[in-house]
Amino acid sequence: MRCDYYDAGRCRSCTLIEQPYAVQLAGKEQRARQLLAHHTGLTWLPPVAGRESGFRTKAKMVVGGTVAAPTLGILDDAGRGVDLQGCGLYPEGLSAAFPVLASFVSRAGLTPYDVPARRGELKNVLATVSPDGELMVRFVLRSTEALPRVRKHLPWLLDELPELRVVSVNLLPEHRAVVEGDEEVVLTPQATLRMRLDDVTLHLRPQSFFQTNTAVAAALYRQAAAWVDEAAPATVWDLYCGVGGFALHVAGPPDGRREVTGIEVSAEAVASARTSAAERGLDRARFLAGDATAFALAATDVPDLVVVNPPRRGIGDALAGWLERSGVGTVVYSSCNVVSLARDLEAMPSLRPTRARLLDMFPQTHHDEVLVLLQRR
């Protein structure tokens, strides 16, 4: 993949861009195999390749420049805006929206936040496109000062982007190196973006996490569902469930008897999962807001199968220890960091990795997703 921003030294985020994609994919799988090599009997399924470009369905654009000439992209080392509206990682549904969003910044008088000077209002613009081409856009502001102007000019934005379904303002008053704050103000009647993956539709709220590569995420859920169906559990826990991606895919048909419980610390994500389950008619699927480890340690019953999809740090010693001694027969572990995955597997020697698959969620970078099936010895 060629990128003018990379060649000009304006953005170096795609660290593997100079390698042919086949070489990237082979290198990622080789590294994963090496880190898990001492697990004898582990069968690796063929890796799932991602698209080399146009695959990022979420854009986290830092706003720089001025009201009259805003930039959407990243900041350089001096804190100045670098405009990346033409980044090749984004699909047409997002890239076509960027110039309209930049015009809206000017029209609504949203002063870009000057990081070195610590003044200004608009920090980030966060945009997500669904598989059906619908959009959710979030404006991350320091305060509510500009909120009336956002509301005033919102009809113009909705006219210019007819595919826009959800618009919100997120408040991040602190000078911190984070993307968003805790408070969200939804400005449209529709509060969730529908993410249709195969025959499962997920509802994405503004503060809910969702995989950035929808096509590969669908393959991930299909593989997990196939392994779960093979195990035929009556009860399943989905820990770190997010908006319910794994839980809703492994729950089976609405008239089935499989009980699924999803646990997620984000109340917004749990609300999204509940909406999706109700829409699908899954009355035996429940979603609770809480810490995954605390839930497991406090539980009085043990499910037949557990799905874990933790952040990069992994599940940690406490949850790994609980899984080891719990008697759970099958675990499906989805990892975005094979180093923490390898560490967690060492803490669960009674759960033997039998199958694994690398899914390239992040082409052009060193990151990937590895799905592993664990079965009790």
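Parameters and conventions
- Residues numbered from 1 in each chain as written.
- Predicted model: local features only at pLDDT ≥ 70, side-chain atom pairs only at ≥ 80, totals over all residues.
- Heavy atoms only, no water.
- Helix = DSSP H or I, 4+ residues; strand = E, 2+ residues; numbered from the N terminus.
- Buried < 20%, exposed > 50% of the residue type's maximum accessible area, 1.4 Å probe, protein only.
- Polar contact = N/O pair within 3.5 Å; in protein donor to acceptor, adjacent residues only side chain to side chain.
- Contact = heavy atoms within 4.5 Å.
- Pairing = 2+ DSSP bridges.
- Axes fitted to C-alpha atoms, helices over the stretch in contact; angles between N-to-C directions.
- Parallel < 35°, antiparallel > 145°, perpendicular 65-115°, else oblique.
- Left-handed = near helix turned anticlockwise from the far one by under 90°.
- Nonpolar A, V, L, I, M, F, W, Y, C, P; charged D, E, K, R; others polar.
- Phe/Tyr/Trp six-rings, centres within 6.5 Å; stacked < 30°, edge-to-face > 60°.
- Lys NZ or Arg CZ within 6 Å of the ring centre and 35° of its normal.

Engineer: What is the right way to look at the side chain of Thr261 in this model?
Structural biologist: Note on placement: Thr261 falls in strand β12 (residues 259-264). Taking relative accessible area as the criterion, Thr261 reaches 9% and is therefore assigned buried. At 3.0 Å, the side chain of Thr261 and the side chain of Arg286 are in polar contact. Once you skip the residues sitting within four places of it in the chain, Thr261 turns out to touch Val236, Trp237, Asp238, Arg286 and Phe295.

Engineer: Would you mind showing me how to read the pairing of strand β6 (residues 135-141) here?
Structural biologist: Sheet faces and side chains relate simply in a regular strand, where the side chains alternate between the two faces. Taking burial as the measure, the 7 residues of β6 include 7 buried ones, the bulk of the element. Because side chains alternate across β6, one face comprises the buried residues Leu135, Val137, Phe139 and Leu141, and the other comprises Met136, Arg138 and Val140, equally buried. Judged from the 7 bridges that link them, strand β5 (residues 122-129) and β6 form a sheet pairing that is antiparallel. Residue pairing in the sheet places Leu122 in a bridge with Leu141 of β6. As consecutive antiparallel partners, β5 and β6 are separated by 5 residues, and within that stretch Gly133 has a phi angle of approximately 85°, a positive value. Summarising the sheet, β6 and strand β7 (residues 164-171) pair through 7 bridges and their orientation is parallel.

Engineer: Hey, could you run me through the packing of helix α4 (residues 98-107) against helix α5 (residues 147-160) in this one?
Structural biologist: Any two packed helices are characterised by the angle at which their axes cross and by the distance between the axes. The interhelical angle for the contact between α4 and α5, taken along N-to-C directions, is 155°, at an axis separation of 10 Å. In this view, α4 runs roughly antiparallel relative to α5, as classed from their interaxial angle. α5 is crossed by α4, and the crossing has right-handed handedness. Side by side, α4 and α5 meet where Val100, Leu101, Ser103, Phe104 and Arg107 of the first sit next to Val150, His153, Leu154, Trp156, Leu157 and Glu160 of the second. Its residues assigned to classes, the contact of α4 with α5 comprises 7 nonpolar, 2 polar and 2 charged.

Engineer: Please clarify how the packing of aromatic side chains should be interpreted in this entry.
Structural biologist: The description of two aromatic rings rests on the distance between their centres and on the angle between their planes. Summed over the entire model, instances satisfying the criterion amount to 6 aromatic pairs. Here the aromatic rings of Phe104 and Trp156 are separated by 6.5 Å at their centres, their planes lie at 15°, and the arrangement is stacked. Of the two residues, Phe104 is situated in helix α4 and Trp156 in helix α5; the sequence distance between them amounts to 52 residues. Since its relative accessible area comes to 21%, Trp156 is described here as partly exposed. Geometrically, the ring pair formed by Tyr221 and Phe246 is edge-to-face, given 4.9 Å between the ring centres and 85° between the ring planes. Taken together, the residues span a long stretch of sequence, with Tyr221 in helix α6 (residues 214-231) and Phe246 in helix α7 (residues 245-250) at a distance of 25 residues. Pair check on accessibility: Tyr221 and Phe246 agree, each one buried. The structure contains a cluster of three or more aromatic residues connected by ring pairs, namely Phe104, Phe139 and Trp156. Taking the ring centre of Tyr6 as reference, the NZ or CZ of Arg12 above it sits at 4.0 Å. Sitting over the face of the ring of Tyr113, Lys123 holds its NZ or CZ atom 4.8 Å from the ring centroid.

By themselves, these are just geometric observations and shouldn't be taken as functional.
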